[in-house]
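Coordinate analysis (summary)
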Amino acid sequence: MEQLLQQIVNGISLGSIYALIALGYTMVYGIIKLINFAHCDIYMIGAYVGYVCMAKLGLGFFPSLLASMLVCTLLGVAIEKIAYKPLRNATRIAALITAIGVSLFLEYTTMFFATANVRTYPPMTGFMAKTFKMGNVVISAQQILIAIITIILMVLLQLIVKKTRIGKAMRAVSLDKDAAELMGINADSTISFTFALGSALAGAAGILVGVYYNSINPLMGVLPGLKAFVAAVFGGIGIIPGAMLGGYLIGIIETFVAGFGYSMYRDAVVFAILILILILRPAGLLGKNTGEKV
Amino acid sequence: MKGTLSAQLIRKLILVVLAYAIVQLLISVNIINDYLQATLTTICINIILAVSLNLITGFTGQFSLGHAGFMSIGAYTCALIILKNPTTYNFLLGTLLGALLAALVGFLVGLPTLRLRGDYLAIATLGMAEIIKIMFINMDKITNGPRGLSGIPRFVNWTWLFIFTVGTVLLIRNFLKSSHGRACIAIREDEIAAETMGINITWYKVLAFVIGAFCAGIAGALYASYFYFIKPDIFGFLKSVDILVMVVLGGMGSISGSILAAILLAVISTLLQSFSEIRMILYALILIIIMIFRPQGLLGSREISLSAFNRLGKFFAFEKEAK
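Keep in mind that what you see is a predicted model, and the values were worked out from it rather than measured.

A few words on the overall build of chain B. Looking only at helices and strands, chain B features 14 helices and zero strands. The order of α-helices and β-strands along chain B, N terminus first, is α-α-α-α-α-α-α-α-α-α-α-α-α-α. Rg of the C-alpha trace for chain B: 20 Å, near the compact-globule value of 20 Å for 323 residues, within the 12% margin. Along the longest, intermediate and shortest principal axes, the C-alpha atoms of chain B span 70 × 60 × 45 Å. Sequence separation of 24 or more characterises 82% of the internal contacts of chain B that already satisfy a separation of 6 or more.

Now the structure itself:
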């Protein structure tokens, strides 16, 4: 029982990270139908910005978090403007290959400047280094921090999407881009804003992973990126609460598989879930089945 | 009519044999040394992979990101067989078995997943390739896990490469010229319209997928038996992307385009070998730039054929006369 609880605690921490990344995937896919493969590398860049701020500049955790969210926002918007915007009317596969190209570019440029070596975040001090025991279940302060920051960001995101004008524009563009433009919505700036939001969340996920796992490298984004995409599909792609749910579920399932001694198969299980969900319920857990128009 | 057709066939046959003979000659006088021969092998394997993926993605319109998975099945099957019993006969048997096994997995995976559309299929095939990779990593006793198999005897030479490459290209070209191929192209153009015309879309999608997987298995077997060494990481996501890039770069739905792109990319990667640090950065940049400025690929869906050369010849002849 205690082991079960412990796994759930660990799973929620991992799931929070997946959920934050999955939100970016799901929003971008919802609005321009592109699997943004570069998204996982924005997360990696976020981790590196956090590393520079905390280890080299000696900033605290919260200023570093803001810095890495800001840098990732700018990067996300720049990528959208330079690489994806010229391809708005090209085939989906051309846009996808471009996204893969941007992803490789970010990975290997980082590798060129920061070398392929694993970097370690400075050790945490004060409150951040504490652990709490409840019975035999150990919860570290970092896990609490991850959970709280993720929830705050998700609430903020929901407020932006549901309550503000730009959020309304986002929903309108993802529903029908042409009709939204006819209503006077600037689709280009709305798309840029979507990239900005998604990238900021990825940046936050990056620095949280740095603090939690303590080591980062230029290719760290690839596998979590794929799994976060699986999470987005699991919950129903294009649906924001779906991405959150999918992220947490994938995180918890993965820790359970690892916790019961099959850690070598944890990635395989995640992809098997993906294939199953695609076959049984392609619209995802929260998605609605839509009929096909001829 | 029939006479001209067979004359064309003979001309093509002569050209193919000539290409084989010239390279064989260059190898025997050592102008194509070991280093160039490795590039040549990469080119041939790339051609097989690109043309077979083009059948799935370019002609049938089914977006697959898991081609490297099929390749790894062929590679491991062939490697395990010739490691046990290194004879040419077993190499051929291994290649055949590897290809058949890849085709079988393609069938099993394709049947349920090919109902999915576009990006979903891409992600499902990607997941499948990752699962295959993880299986190879975990079957420690047979595949030596993540360390891979080394010391695989080399049976691949230019003759085998040539036979398999030309064979694959011919197989897929003839398939596409048949009514089955036209059905596949119809599915790409409009699935619903094709279904209305009485084409069994599931059958043809799976057929294209299985043939593609079969050829990828052959390519994997050739790879294993030429480069001595295989490990699961070689056949990861990046390899699948590499193959897809060849298809898109050459032009979706153009066999000659895939061949051209396979040659081009192998040459580029050989040339960039000396800048190993920025090799991948340049590769990524080239990819982005080509996609932004020529998203339909180098050849689009056109083909280069002998008649194109004839026309070119006539054009130059005409110029001379005009002078």
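In this section: the packing of helix α3 (residues 67–84) of chain B against helix α4 (residues 88–113) of chain B. All names here are of chain B. The geometry of α3 relative to α4 is characterised by a closest axis approach of 8 Å and an angle of 145° between their N-to-C directions. Seen along the crossing, α3 lies across α4 with a hand that is right-handed. Between α3 and α4, the residues in contact are F70, I73, G74, T77, C78, I81 and I82 and N90, F91, L93, G94, T95, L97, G98, A99, L101, A102, V105 and G106, respectively. Classifying every residue of the contact of α3 with α4 gives 12 nonpolar, seven polar and no charged.

This part is about helix α9 (residues 222–235) of chain A. Taking 1.5 Å as the rise per residue, α9 of chain A with 14 residues should run 20 Å; its terminal C-alpha atoms sit 20 Å apart, in good agreement. The element α9 of chain A is largely enclosed, with a buried count of 12 among its 14 residues. Tucked inside the fold, the buried residues of α9 of chain A contact α1 (2–32), α2 (39–56), α10 (240–259) and α11 (266–280) of chain A together with α5 (118–138) of chain B. Positive phi appears at G236 of chain A, one or two residues downstream of α9 of chain A, with a value of about 110°.

The subject of this paragraph is the confidence of the model for chain A. Predicted confidence across chain A gives a mean pLDDT of 88, with 98% of residues reaching 70 or more. Mean pLDDT across the elements of chain A bottoms out in strand β2 (residues 131–134) of chain A (80) and peaks in helix α3 (residues 61–84) of chain A (93).

Tallying the contact residues gives 32 residues for chain B and 33 residues for chain A. Listing elements by their share of the side of chain B that touches chain A, those giving two or more residues are α4, α5, α11 (237–250) and α13 (276–293) of chain B. Tallied by class, residues from the side of chain B that touches chain A come to 25 nonpolar, four polar and three charged.

Attention shifts here to the environment of F61 of chain A. Residue and element names in this part refer to chain A. You can see F61 is positioned in helix α3. With 20 C-beta atoms packed within 10 Å, F61 lands in the buried category. Distance in space between the C-alpha atoms of F61 and M44 is 17 Å, their sequence separation being 17 residues.

Once that is clear, we can look at the packing of α1 of chain A against α10 of chain A. Residues and elements named next belong to chain A. The geometry of α1 relative to α10 is characterised by a closest axis approach of 6 Å and an angle of 140° between their N-to-C directions. What the angle tells us is that α1 and α10 run oblique. The way α1 lies across α10 gives a crossing that is right-handed. Class assignment of the residues belonging to the contact of α1 with α10 gives a composition of 15 nonpolar, 11 polar and one charged.

Further remarks concern the nonpolar core. Among the nonpolar cores identified, the biggest contains 197 residues, and I21 and L274 of chain A are the most heavily contacted of them. With 18 residues, helix α10 (residues 201–227) of chain B is the single largest residue contributor to this core. When near neighbours in sequence (up to four residues on either side) are disregarded, I21 of chain A contacts H39, C40, Y43, A202, A205, P224, G225 and A228 of chain A.

A word on the environment of T73 of chain A. All names here are of chain A. Structurally, the position occupied by T73 is in helix α3. Note on T73: 22 C-beta atoms within 10 Å, which makes it buried. Look past the residues within four positions of T73 in its chain and what remains in contact with it is A196, S199 and A200.

For N214 of chain A, which is not glycine, the phi torsion reads 70° and is therefore positive. Locating N214 of chain A in the fold gives a position in the loop between α8 (187–213) and β4 (215–216). Taking the C-beta count within 10 Å as the criterion, N214 of chain A has 15 such neighbours and is therefore assigned partly exposed. With a phi angle near 60°, N144 of chain B is a residue other than glycine that sits in the positive phi range. Residue position: N144 of chain B is located in the loop between α6 (140–143) and α7 (158–177). Taking the C-beta count within 10 Å as the criterion, N144 of chain B has 16 such neighbours and is therefore assigned partly exposed.

This part takes up the pairing of strand β3 (residues 137–140) of chain A. Along any regular strand the residues' side chains alternate between the sheet's two faces. Residues and elements named next belong to chain A. Two strands pair when backbone bridges link them, and β2 and β3 are joined in this way by four bridges, in the antiparallel orientation. Each residue of the ladder has a partner; that of F132, found in β3, is I139. Hairpin remark: β2 followed by β3, antiparallel, with two residues in the connecting loop; positive phi at G135, about 65°.

Residue and element names in this part refer to chain A. Considering the arrangement of structural elements, one finds Y212 in helix α8. Distance in space between the C-alpha atoms of Y212 and A231 is 20 Å, their sequence separation being 19 residues. Excluding anything up to four places from it in sequence, Y212 contacts S13, Q142 and I146.

So, how was this worked out
Residues numbered from 1 in each chain as written. Chains lettered and ligands numbered in written order. Predicted model: local features only at pLDDT ≥ 70, side-chain atom pairs only at ≥ 80, totals over all residues. Helix = DSSP H or I, 4+ residues; strand = E, 2+ residues; numbered from the N terminus. Rg over C-alpha atoms; globule rule 2.2 N^0.38 Å. Contact = placed C-beta atoms within 7 Å. Axes fitted to C-alpha atoms, helices over the stretch in contact; angles between N-to-C directions. Left-handed = near helix turned anticlockwise from the far one by under 90°. Nonpolar A, V, L, I, M, F, W, Y, C, P; charged D, E, K, R; others polar. Expected span 1.5 Å × (residues − 1). Buried ≥ 20, exposed ≤ 12 C-beta atoms within 10 Å, placed from the backbone. pLDDT = per-residue confidence, 0-100. Parallel < 35°, antiparallel > 145°, perpendicular 65-115°, else oblique. Core = buried A, V, L, I, M, F, W, Y, C linked by C-beta atoms within 7 Å. Pairing = 2+ DSSP bridges.

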